[in-house]
Amino acid sequence: MARPTTTYVCQSCGAQTRQFFGRCSACGSWNSLVEQSAPASDGRRRPAPAADPQAPGRPRRSLPMHSVGEGARQRLSSGYAELDRVLGGGLVPGSLVLVGGDPGIGKSTLLLQSAEAMARRHSVLYVSAEESAQQVKLRWRRLGEQLLAGEAPRAEPGPAVDSPGAGAALHLLAETDLDQVLQEIEALRPAVAVIDSIQALHDAELSSAPGSVAQVRDCAAALARIAKRQDTALLLVGHVTKEGMLAGPKVLEHLVDAVLTFEGDRFASHRLLRAVKNRFGATHELGVFEMRDRGLVEVSNPSELFLGGEELSPGTATIVACEGTRPLVVELQALVSTTSYASPRRTATGIGTNRLHQILAVLEKHLGLPLSRFDCYLAVAGGLEVEEPAADLGVAAAVVASSRDLTLPPGTVLVGELGLGGQLRPVGQLELRLQEAARLGFRRAVVPRGSGLGGLAAQLDLQLLEAGTVAEALVAALGVNPAGDA
Ligand code: TYD
Ligand code: MG
């Protein structure tokens, strides 16, 4: 019997060799050779996907767009509204979802909990390639106590497969061998399968170690084929490597339908789930969870998490950031103090340092504040990352308030992007932001001029202060001229 052969294929020029080299001898690029198992001629390789039952043996033809069937794409609820929203309204049957995140952030916990919730209506297979069956069972029992204690996620209407919390339809397989996992998925035909994690799976036909690029890609491709064929939704766990990439050099992102990242501070209890790619919904949707001693609990009102809660102090400003379609009221804190260094220190947590530098430069130039003689520290409460420029005005207000030792009147939110000329630029989704602010009891909003939302503000009982420049906005917010006699 012929030995299965392995070839190494250069990912930039396609050259093939039988031996591994650090550098491709054909095109000279480094680290571009990836192991591939050559299709064995003795039929040992796992069978190819069955031909389309509708047209056995016949060549596939194209169809006019209007006559292409859409199929019954009814989404499955994951049992958690926060996860469903990030997925774009639930899991699509036959789709492949990659859930990435740092080790220890809670990926296994999240997926085991939703596997348990989904198993009330569908058959679910949980493949643990990292932990033993006993370890998963222990964790499941611990989580089950929470689920039974009344904090259970909302179950889908309809007949339960078994008594709630019993997990009768939740199957567990502790296995690292790819072929075994594929066989089990084929035999069980679950509606949903969780693979924890893709890096720990191993295809015996490749000689490279589990977690290597070749292994991860090969395993994911084999799983993708079976998922599409049997309409099983697959949730893959992927650890983020040291370089901050999923499963090495982003090898999986093009292959899957959705990429979710689970992030958060390991020392804080809340966790943020985001979609960075989604073929079935919007990206940048945000789901918020809290890690408790008995697993993850949804946070359906996250603005309260990102508000300081205490008395406002000088240097604090409140903004409304938008994550996808979700507005979040967030508190910013600035500390401005005389520097004792030759070049002042500027540190920002949760906001890009370059953005902070730019805002400080605008304030220095257009308000005449001598900020280059001051250290400036900025932090976003709750460890949130705010990327959008709509936070600019809030940052400016926090910095000015701290440097002049002023306190913003309570109940004020600020929204607006700062132009380099000191002008205030309009921002998107202002309506949503104002509604969220009003819902949380804010009474004044400083926004860019020309919002056209006077009517809405009146309805919301919100005082709308429109400003054309950062100077005008700060006068409106603080009630005094911030440039004053600084
Ligand atoms: P885990 O889901 O194992 O992380 P990952 O799969 O992403 O590596 O989560 C591990 C952390 O979560 C661990 O540090 C302990 C914490 N945790 C809790 O705080 N409460 C719980 O109920 C569970 C199950 C875990
Ligand atoms: Mg894990």
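Residues numbered from 1 in each chain as written. Chains lettered and ligands numbered in written order. Predicted model: local features only at pLDDT ≥ 70, side-chain atom pairs only at ≥ 80, totals over all residues. Heavy atoms only, no water.

### Some remarks on the nonpolar core
The nonpolar side chains of soluble globular proteins are, as a tendency, buried together.
For step 1, the next point in the chain: Core analysis: the biggest nonpolar cluster contains 49 residues, and Leu363 and Val399 have the highest contact counts within it.
For step 2, the next point in the chain: Within the residue set of this core, elements represented by two or more residues are strand 11 (286–292), strand 13 (316–323), strand 14 (326–338), helix 7 (353–367), strand 16 (374–380), helix 8 (392–404), strand 21 (463–467) and helix 11 (470–478).
For step 3, the next point in the chain: Per-element tally for this core: the top contributor is helix 8, with eight residues.
For step 4, the next point in the chain: Counting contributing residues, this core receives three or more from each of domain 2 (81–154 + 164–300) and domain 3 (304–478).
For step 5, the next point in the chain: Not counting residues within four places of it along the chain, the set of residues in contact with Val399 comprises Ala334, Val336, Leu360, Leu363, Leu371, Cys376 and Leu378.
For step 6, the next point in the chain: Leu112, Leu143, Leu170 and Leu235 belong to the second largest nonpolar core, which has 35 residues in total. (Core = buried A, V, L, I, M, F, W, Y, C linked by side-chain atoms within 4.5 Å. Buried < 20%, exposed > 50% of the residue type's maximum accessible area, 1.4 Å probe, protein only. Helix = DSSP H or I, 4+ residues; strand = E, 2+ residues; numbered from the N terminus. Domains from an automatic or database assignment. Contact = heavy atoms within 4.5 Å.)

### Some points on the site of ligand 1
For step 1, the next point in the chain: Taken together, 15 residues lie near ligand 1, and Gly104, Ser108, Thr109, Arg292 and Gly295 sit nearest.
For step 2, the next point in the chain: Residue Ile105 places a main-chain N or O atom 3.3 Å away from an oxygen atom belonging to ligand 1.
For step 3, the next point in the chain: In isolation ligand 1 offers 560 Å² of accessible surface; the protein chains occlude 74% of this area. (Near = heavy atom within 4 Å. Polar contact = N/O pair within 3.5 Å; in protein donor to acceptor, adjacent residues only side chain to side chain. Areas by Shrake-Rupley, 256 points an atom, 1.4 Å probe, with all protein chains shown as cover.)

### Points about the sheet that holds strand 1 (residues 6–10)
For step 1, the next point in the chain: Strands sit in the order 2-1-3 across an open sheet of three strands; the sheet is antiparallel. The open sheet has two free edges, formed respectively by strand 2 (16–17) and strand 3 (33–37), since each of these has just one partner strand.
For step 2, the next point in the chain: Pairing geometry for strand 1 and strand 2, over two bridges, is antiparallel. Bridging from a neighbouring strand, Tyr8 pairs with Thr17 of strand 2. (Pairing = 2+ DSSP bridges.)

### What about a nonpolar patch on the surface?
For step 1, the next point in the chain: A grouping of Leu63, Met65 and Val68 is seen on the molecular surface, where their side chains present a nonpolar patch of about 340 Å² in accessible area.
For step 2, the next point in the chain: With respect to the helices and strands, Val68 occurs in the loop between strand 3 and helix 1 (81–87). (Patch = residues over 30% accessible without salt bridge, like charges linked within 9 Å, V, L, I, M, F, W, Y side chains within 5 Å. Salt bridge = Lys/Arg side-chain N within 4 Å of Asp/Glu carboxyl O.)

### Side note on the environment of Val447
For step 1, the next point in the chain: With respect to the helices and strands, Val447 occurs in strand 20 (residues 444–448).
For step 2, the next point in the chain: Overall, the relative accessible area of 0% leaves Val447 in the buried class.
For step 3, the next point in the chain: Residues Val447 and Leu414, 33 residues apart in the sequence, show an inter-C-alpha distance of 6.3 Å.
For step 4, the next point in the chain: When near neighbours in sequence (up to four residues on either side) are disregarded, Val447 contacts Val415, Leu424, Leu430, Leu434, Leu464, Leu465, Glu466 and Ala467.

### As for helix 7
For step 1, the next point in the chain: In this model helix 7 runs 21 Å from its N-terminal to its C-terminal C-alpha over 15 residues, within 8% of the 21 Å that 1.5 Å per residue would give.
For step 2, the next point in the chain: Those residues of helix 7 that fall on the buried side of the exposure criterion are Leu356, Ile359, Leu360, Val362, Leu363 and Leu367. Looking straight down helix 7, one finds that the buried residues subtend no more than 160 degrees of arc, so they occupy a single side. In this structure, helix 7 carries Asn354 and Lys365 as exposed residues pointing more than 90 degrees from its buried face.
For step 3, the next point in the chain: Close packing links the buried residues of helix 7 with strand 15 (346–349), strand 16, helix 8, strand 18 (417–418) and helix 11.
For step 4, the next point in the chain: Downstream of helix 7 by one or two residues, Gly368 has phi in the positive range, about 70 degrees. (Expected span 1.5 Å × (residues − 1). Arc of directions from axis to C-beta.)

### Some points on the packing of helix 4 (residues 178–188) against helix 5 (residues 213–230)
For step 1, the next point in the chain: Between helix 4 and helix 5, the shortest axis-to-axis distance is 11 Å and the interhelical angle comes to 10 degrees. The angle between helix 4 and helix 5 places the two elements in the roughly parallel class. The residues of helix 5 that touch helix 4, namely those facing Leu178, Val181, Leu182, Ile185 and Glu186, are Asp218, Cys219, Ala222, Leu223, Ile226, Arg229 and Gln230.
For step 2, the next point in the chain: Its residues assigned to classes, the contact of helix 4 with helix 5 comprises eight nonpolar, one polar and three charged. (Axes fitted to C-alpha atoms, helices over the stretch in contact; angles between N-to-C directions. Parallel < 35°, antiparallel > 145°, perpendicular 65-115°, else oblique. Nonpolar A, V, L, I, M, F, W, Y, C, P; charged D, E, K, R; others polar.)

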